Structures are given as structure tokens and as C-alpha cells.
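What follows is each chain in one-letter form.
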Amino acid sequence: MTENLIGEAHRPGRIEVVCGSMFSGKTEELIRRMKRAKFAKQKVEIFKPALDTRYSEEDVVSHDQNSIRSTPIESSGSILLLASDIDVVGIDEAQFLDNGLVEVCNELANRGVRVIVAGLDMDYKGVPFGPIPALCAIADEVTKVHAICVKCGSVAYVSHRLVNNDKRVLLGEKDEYEPLCRECYQKAILNEKS
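Predicted, not measured: the structure shown is a model, and the values here were computed from it.

Here is what the cut-offs are and how they apply
- Residues numbered from 1 in each chain as written.
- Predicted model: local features only at pLDDT ≥ 70, side-chain atom pairs only at ≥ 80, totals over all residues.
- Heavy atoms only, no water.
- UniProt positions renumbered as here; feature names shortened; annotations may be inferred.
- Helix = DSSP H or I, 4+ residues; strand = E, 2+ residues; numbered from the N terminus.
- Buried < 20%, exposed > 50% of the residue type's maximum accessible area, 1.4 Å probe, protein only.
- Contact = heavy atoms within 4.5 Å.
- Pairing = 2+ DSSP bridges.
- Disulfide = S-S within 2.5 Å.
- Core = buried A, V, L, I, M, F, W, Y, C linked by side-chain atoms within 4.5 Å.

1. With respect to the UniProt feature "active site" (unreviewed entry) in the protein
The UniProt entry lists Glu 93 under the feature "active site" (unreviewed entry), expressed in the numbering used here. For Glu 93, the position within the fold is in the loop between strand 8 (88–91) and helix 3 (101–110). Assessed through its relative accessible area of 10%, Glu 93 is described here as buried.

Listed below in C-alpha cells is the structure:
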């Protein structure tokens, strides 16, 4: 919070998006920003889709096992109900939430809330995923983080699915996905077709 010239409190609302492929550090960055806000004595609340139960049903947990307490939600509309009198709202795995998330984030930012959203920007086929692309368009700040391609060491482009499953949403880890650069991803797709 800052004070204006006559001493009234002013909360500068904003939307920050942290996006990229799997294993790129999105959740790690979200946790870092949320912990800094807590250290600064700001009121924080973090949300995650209820379907994301990979490491914990309630906590947001990074691949490196760093964690922060969160509130699981079924839909983006729940955030508005649960985030009253909050300075900073964090949202992890936002690609799994409905497209109403864009309006929710806008409304919070317009109220003076700092909103930090983390999620995959593309699915395993390299197609823009869920509300993340629209959030990138309206965000005050977008941070694209990158994993390293497990085949050649270049900057990763996409999360390549290793298991044969056509469902768009498939929760997984290193046994189900690997980060690949564009060139290695194209080679992998060609090999799978032949």
C-alpha cells in the first residue's frame, strides 16, 4: 500500500502472470512472491484448482517440494467470495480453471488487489491452454519462465506427454511429461507418428 498526498491509503491493483512449460519454475516463483508479500505483512490468500492433488490436497507445492498453504476451489467465482479484505491473491495451476478467471482477476485488480497467477500457457500439443493466454493479454506484467530441454539442453518450448492418452487434462510429473525445445518436440512428434 502507498499513501497519496493527503495521507489516504491507496492499494495499487495489478495482474502478474507467470507462465511457461512444466518444470520451468512457475509454482516456485509464485510461492516466492507470495512469501515476500507475507513477510511484508500483507494479507495474502492463495488458491488452486481442487482437481490438482498431485503433492497435496490443500497446499501449493513446487517440484522442489517448497510449499505454501492454499484454498482448493472448484471454479474461479469462488475466489471473489473468499478473497475479501486481501492485499495479494495468488492462483496456481490457473490453466485448469474456467475462463471466468479473466474477469475475476480484472475485478480484483480494479479493487486494488495484487493478483499473481501461475500456469501453463500451452498444453502438451503446443496449443494455448485455458484462461492463461487471455490473462497474459490483460496482465500488467508477464513473466515467461523456461525449463531446459531434456534431450539437448536448449530452452524448452513445450511439455511433451510421454504416455499415450488424448485427454487434455492429465495430471502428471516426470513419468508423464518432459520439457522439450521446439526442434526436439518436432522430432518426438514425427517419431510417434511413424
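After presenting the structure, the write-up continues.
2. A short note on the UniProt feature "binding site: ATP" (unreviewed entry) in the protein
The sites that UniProt annotates as "binding site: ATP" (unreviewed entry) are Gly 20, Ser 21, Met 22, Phe 23, Ser 24, Gly 25, Lys 26, Thr 27, Asp 92, Glu 93, Ala 94 and Gln 95. Counting through the fold element by element, Gly 20 comes out in strand 3 (residues 14–20). Judged by its relative accessible area of 0%, Gly 20 is buried. Contacts of Gly 20, omitting those with residues within four sequence positions, involve Lys 26, Gly 119, Leu 120, Asp 121 and Val 145. For Thr 27, a relative accessible area of 11% puts it in the buried group.

3. Focus on the pairing of strand 11 (residues 158–161)
On strand 11, burial covers both faces: Val 158 and His 160 on one face and Ser 159 and Arg 161 on the other are all buried. Across four bridges, strand 11 lies against strand 12 (residues 177–180) in antiparallel orientation. Bridged to Ser 159 within strand 12 is Pro 179.

4. Regarding the state of the cysteines
Covalently bonding the sulfur atom of one cysteine to the sulfur atom of another cysteine gives a disulfide. Within this structure, the stated rule accounts for zero disulfides. Take Cys 19: it sits in no disulfide, and the sulfur closest to it among the cysteines is that of Cys 136, at 4.0 Å. Cys 19 sits in the buried class, given a relative accessible area of 2%.

5. Concerning the nonpolar core
A general tendency of soluble globular proteins is for nonpolar side chains to be buried together. Ranked by internal contacts, the top residues of the largest apolar core, which has 24 residues, are Ile 79, Val 89, Ile 91 and Val 117. For this core, the elements supplying multiple residues, two or more each, are strand 3, strand 8, helix 3, strand 9 (114–120) and helix 4 (132–138). At six residues, helix 3 tops the list of elements feeding residues into this core. Sequence-distant contacts of Ile 91, that is, excluding residues within four places in its chain, are made with Leu 30, Ile 46, Phe 47, Ile 79, Leu 97, Leu 101, Cys 105, Val 115, Ile 116, Val 117 and Ala 118.

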